[in-house]
Amino acid sequence: MASPTHLRILPLAEFKPAAASRAWVSIPNPNGLPLIATATSDKTVRVYSLRNFALHSTLEGGHLRSVRSVAWKPTVKNTGTLCLATGSFDATMGIWRRREERFADNDDSDNDDDWEFAIVLEGHDSEVKNVAYSPSGQWLASCSRDKSIWIWEEIGDEGDDEFETIAVLQEHTADVKCVSWRKDDGNGEVLASGSYDDTIRFFKGDDEGEWSCIALLEGHEGTVWSLDWEPESTSTEKDYSPGIPRLISSSADCTIRVWTKTWECTATLPKAHDLPIYSTSWSKKSGRVVSTGGDGKIVIYEETTKGRTKVGGEIEREWVIVGILAGGHGPYEINHVTWCTRFDSAKAEDGEEMIVTTGDDGVVRAWAIEALKPEPTVPFTEGGPAS
Amino acid sequence: MGLDNENPLILSASELPTRKQRRKNKEASSKQHIVKDLLNAKLCSADPFDLSDLSNSDSDDSVEPIDEMEIYDLIAPISDPEHPLSLESLGVVKLQDVHLLSPNDLTNPAALSRVLVELTPTVSHCSLATVIGLGVRVRLEQALPPSYRVEVKIKKNTHSQAEEVNKQLADKERVAAALENENLMSILRTMMKPCLE
């Protein structure tokens with residue numbers, strides 16, 4: 001049995017300049033570009049550079065109220081255009097584009113165009129809470145206080161700015177707070193949603209393009225604030241192969257639940273928060289989970305092997321807390337947390353990960369992870385610690 | 001539309017907690033009074049919903065911690081959206097229903113204080129319970145330092161839809177969106193006016 005890891009969460013940098021009011025969420029670019037987009041209550045989105053933690057560009061003038069969420073469009077090949085979708089409390093969504101001829105090594109952005117507010121997507125009756133592109137980039141999902149989820153598809157050529165509504169899903173009985181896509185496993189992409197009605201639902205399109213609810217996950221005793229799918233690479237680890245990726249959910253009931261295969265809750269992460277858990281993120285690199293919320297704590301969990309309880313039995317695993325930091329944004333609530341690849345010059349190796357948090361103070365912070373060496377059990381040196 | 005409660009019971013001033021007496025005592029003790037500072041600062045502010053950061057007030061380091069009475073004083077004068085009367089005189093806000101849980105270590109800026117305010121609606125079907133609760137939550141969030149986590153609930157057995165109202169008032173995102181709604185904000189501004197007088 002491996003000894004438990006202990007991690008230290010160390011302040012790495014603050015993205016500058018910060019917003020003057022609440023920042024909601026920060027999403028790293030999924031296509032390997034050193035950029036992260038932050039949605040704020042000042043009606044803008046700030047795109048920061050991950051190389052130097054400085055402002056890269058700003059999306060402004062498109063929304064009348066808080067920008068609550070932002071999503072990068074995944075691209076298969078580099079077309080030289082960045083594309084972001086935004087969802088706002090003004091009930092609309094925006095599609096934004098920016099020409100970026102080359103992604104320059106220097107950090108200035110002078111030769112590139114500004115963000116263009118390409119098209120506004122209307123349809124929701126009230127605040128749009130979350131927007132998410134499917135991993136293939138084919139679909140865009142949005143959810144709202146109006147209890148509905150909309151699936152949009154971009155038709156025509158890239159840049160034609162024509163969108164079609166593929167489905168309007170109205171199974172939830174209250175605000176839909178979050179949506180998260182599962183990668184296509186050969187049977188199509190699946191959308192998971194979390195709601196103020198305390199439930200999680202899955203939706204999928206059939207061969208005829210009809211979308212319907214395929215699962216209802218009940219168990220939380222409060223609003224489901226965030227969802228994240230198990231990244232592919234963590235399941236190749238050791239002799240554990242779940243086949244179907246698992247889902248984690250965080251809630252106002254102060255729990256984080258792990259849902260498996262037939263969509264039963266198979267684990268609850270150790271309790272560390274005493275206020276709503278607004279965000280949780282599953283690392284592709286380490287398989288660790290990080291969470292944050294109203295109590296301002298940042299908590300890292302790791303799944304460990306307990307061993308077999310009987311010969312030939314299934315290997316038992318359990319989640320343990322391996323790192324915890326209180327007051328990540330001082331006295332302020334933290335609205336979002338995500339794992340993010342490091343691009344700054346101080347990184348130790350390619351692909352090294354950090355944590356990025358987004359707070360009510362308008363600040364976006366980067367945190368480095370440092371493993372603490374286990375205490376030596378037998379002191380060799382003279383004058384070592386007395387036992 | 002008729003009023004939900006046309007003849008609410010109104011408490012006389014002598015039945016209410018004697019705030020003024022308390023103030024006098026405080027001033028005599030020559031200590032800075034946090035809430036008074038705040039109210040004075042608010043008078044200069046054009047927008048009553050400006051974010052204020054009490055922890056940055058100029059008072060010296062020996063400021064005494066905020067107590068239930070001061071929290072009560074912040075919300076007691078809020079006026080009812082239906083009657084031109086204060087929440088304290090209608091018995092909606094009661095001193096004994098203001099609860100405060102302070103951390104042991106006050107020097108740690110990340111240590112959180114928890115405030116729970118239980119409201120007693122004038123009638124059990126009061127349709128404005130959510131608006132009143134929102135007013136109380138917003139008033140406290142904007143007047144108290146950022147390390148205070150405010151919870152506003154309807155007192156048990158006093159409202160037919162208490163659970164729904166409580167869940168709404170606890171939802172940060174709904175509260176944030178409500179504050180960007182101009183119609184609702186103008187109602188809240190009217191309710192808050194007496195707090196600034």
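For clarity, every value in this text was computed on a predicted model and none was experimentally measured.

Would you mind going over the overall build of chain B with me for this structure?
Of regular secondary structure, chain B possesses seven helices and three strands. Here chain B holds 197 residues, and the buried ones make up 32% of them. Across chain B, the fraction of contacts at a sequence separation of at least 24, relative to all contacts at a separation of at least 6, is 71%.

What should I look at first to understand the packing of helix α4 (residues 129-143) of chain B against helix α5 (residues 162-170) of chain B in this one?
Helix packing for two helices is described by the angle between their axes and how far apart those axes are. All names here are of chain B. At a minimum axis distance of 10 Å, the contact between α4 and α5 shows a crossing angle of 35°. In the packing of α4 onto α5, the handedness of the crossing is right-handed. Where α4 abuts α5, its residues Ala129, Thr130, Gly133, Leu134 and Arg137 lie against Val165, Gln168 and Leu169. Residue composition of the contact of α4 with α5, by class: four nonpolar, three polar and one charged.

Honestly, unusual backbone geometry in this entry has me stumped. Any pointers?
Residues and elements named next belong to chain A. Backbone torsion omega between lysine 16 and proline 17 reads -5°, so that peptide bond is classified as cis. Looking at the element boundaries, proline 17 is found in the loop between β1 (7-14) and β2 (23-28). You will see that alanine 91, though not glycine, has its phi angle at about 80°, which is positive. Looking at the secondary structure, you find alanine 91 in the loop between β7 (81-88) and β8 (93-99). Take alanine 91: there are 19 C-beta atoms within 10 Å of it, and that puts it in the partly exposed class. At tryptophan 263, a residue that is not glycine, the phi angle is positive and equals roughly 65°. Summarising the element assignment, tryptophan 263 is placed in the loop between β20 (256-260) and β21 (264-268). Residue tryptophan 263 is classed as partly exposed on the basis of its C-beta count, with 18 C-beta atoms lying within 10 Å.

Would you explain the confidence of the model for chain B in this entry?
Low pLDDT means the predicted atomic positions in that stretch should not be read closely. For chain B, per-residue confidence averages 79 on the pLDDT scale, and residues scoring 70 or more make up 74% of the total. Predicted confidence for residues 20-60 of chain B stays below pLDDT 50, and this span has 40 contacts to residues more than four positions away or in other chains.

Looking at this model, I keep getting lost on the pairing of strand β3 (residues 148-154) of chain B. Mind explaining?
Each regular strand displays side chains that alternate between the two surfaces of the sheet. Residues and elements named next belong to chain B. In this sheet, β3 lies alongside strand β2 (residues 113-119) in parallel orientation, the contact comprising seven bridges. Note on β3: the bridge partner recorded for serine 113 is tyrosine 148. Between the parallel elements β2 and β3, the chain passes through α4 in a crossover that is right-handed.

Please clarify how the pairing of strand β4 (residues 45-49) of chain A should be interpreted in this entry.
All names here are of chain A. Most of β4 is tucked away: five of the five residues are buried. Burial along β4 is two-sided: the face carrying Val45, Val47 and Ser49 and the face carrying Arg46 and Tyr48 are both buried. Here strand β3 (residues 35-40) folds back onto β4, and the loop between the two strands holds four residues, one of which, lysine 43, carries a positive phi near 75°. Summarising the sheet, β4 and strand β5 (residues 55-59) pair through four bridges and their orientation is antiparallel. Counterpart to valine 45 in the pairing with β5 is leucine 59. The antiparallel hairpin formed by β4 and β5 contains five residues in its connecting segment, where phenylalanine 53 sits at a positive phi of about 60°.

What is the right way to look at the sheet that holds β1(A) in this model?
Sheet strands pair by backbone hydrogen bonding; their relative direction is either parallel or antiparallel. Residue and element names in this part refer to chain A. The four strands are arranged β1-β29-β28-β27 in an open sheet whose pairing can be described as antiparallel. In the strand order of this sheet, the two ends are held by β1 and β27 (334-341), each with one partner. The mean angle between the axes of side-by-side strands here comes to 30°, regardless of whether they run parallel or antiparallel. The pairing of β27 with strand β28 (residues 353-359) spans seven bridges and is antiparallel. Across the sheet, isoleucine 334 pairs through a bridge with glycine 359, a residue of β28.

Got a minute to help me understand the UniProt feature "coiled-coil region" (unreviewed entry) in chain B in this structure?
Here the UniProt feature "coiled-coil region" (unreviewed entry) sits at residues 155-182 of chain B. In residues 155-182 of chain B, the share of helix is 61% and the share of strand is 0%. The end C-alpha atoms are 29 Å apart.

It is not clear to me how helix α3 (residues 68-75) of chain B should be interpreted in this structure. Could you clarify?
Two residues of an α-helix separated by three or four positions point the same way, owing to the 3.6 residues in each turn. By the criterion of burial, α3(B) is predominantly enclosed, with six of the eight residues buried. Of all the residues in α3(B), the buried ones are Glu70(B), Ile71(B), Tyr72(B), Asp73(B), Leu74(B) and Ile75(B).

Help me understand the nonpolar core in this model?
Within soluble globular proteins, side chains that are nonpolar generally end up buried alongside one another. Core analysis: the largest hydrophobic core is formed by 87 residues, its most contacted members being Ala37(A), Val70(A), Ala71(A), Leu84(A), Ala141(A) and Ile355(A). The residues contacting Ala37(A), other than those within four sequence positions of it, are Ser26(A), Ile27(A), Val45(A), Val47(A), Val70(A), Trp72(A) and Leu84(A). Of all hydrophobic cores here, the second largest spans 38 residues; its members include Ile75(B), Val93(B), Val152(B) and Met192(B).

Would you take a moment to explain the UniProt feature "domain: MIP18 family-like" (unreviewed entry) in chain B for this structure?
Mapped onto this numbering, the UniProt entry gives "domain: MIP18 family-like" (unreviewed entry) at residues 70-152 of chain B. In residues 70-152 of chain B, the share of helix is 25% and the share of strand is 19%. The end C-alpha atoms are 16 Å apart.

What's the story with the packing of α3(B) against α4(B) in this structure? I'm lost.
Residues and elements named next belong to chain B. Look at α3 against α4: their axes get within 9 Å of each other, and the N-to-C directions meet at 120°. As the angle between them shows, α3 and α4 are arranged oblique. Regarding α3 and α4, the two cross each other, and that crossing is right-handed. Taking contact as the criterion, the partners of Ile71, Leu74 and Ile75 in α3 are, on α4, Val136, Arg139, Leu140 and Ala143. Along the lines of polarity and charge, the residues of the contact of α3 with α4 split into six nonpolar, no polar and one charged.

Calculation rules
- Residues numbered from 1 in each chain as written.
- Chains lettered and ligands numbered in written order.
- Predicted model: local features only at pLDDT ≥ 70, side-chain atom pairs only at ≥ 80, totals over all residues.
- Helix = DSSP H or I, 4+ residues; strand = E, 2+ residues; numbered from the N terminus.
- Buried ≥ 20, exposed ≤ 12 C-beta atoms within 10 Å, placed from the backbone.
- Contact = placed C-beta atoms within 7 Å.
- Axes fitted to C-alpha atoms, helices over the stretch in contact; angles between N-to-C directions.
- Left-handed = near helix turned anticlockwise from the far one by under 90°.
- Nonpolar A, V, L, I, M, F, W, Y, C, P; charged D, E, K, R; others polar.
- pLDDT = per-residue confidence, 0-100.
- Pairing = 2+ DSSP bridges.
- Right-handed = clockwise from strand over helix to strand, strands pointing away.
- UniProt positions renumbered as here; feature names shortened; annotations may be inferred.
- Core = buried A, V, L, I, M, F, W, Y, C linked by C-beta atoms within 7 Å.
- Parallel < 35°, antiparallel > 145°, perpendicular 65-115°, else oblique.

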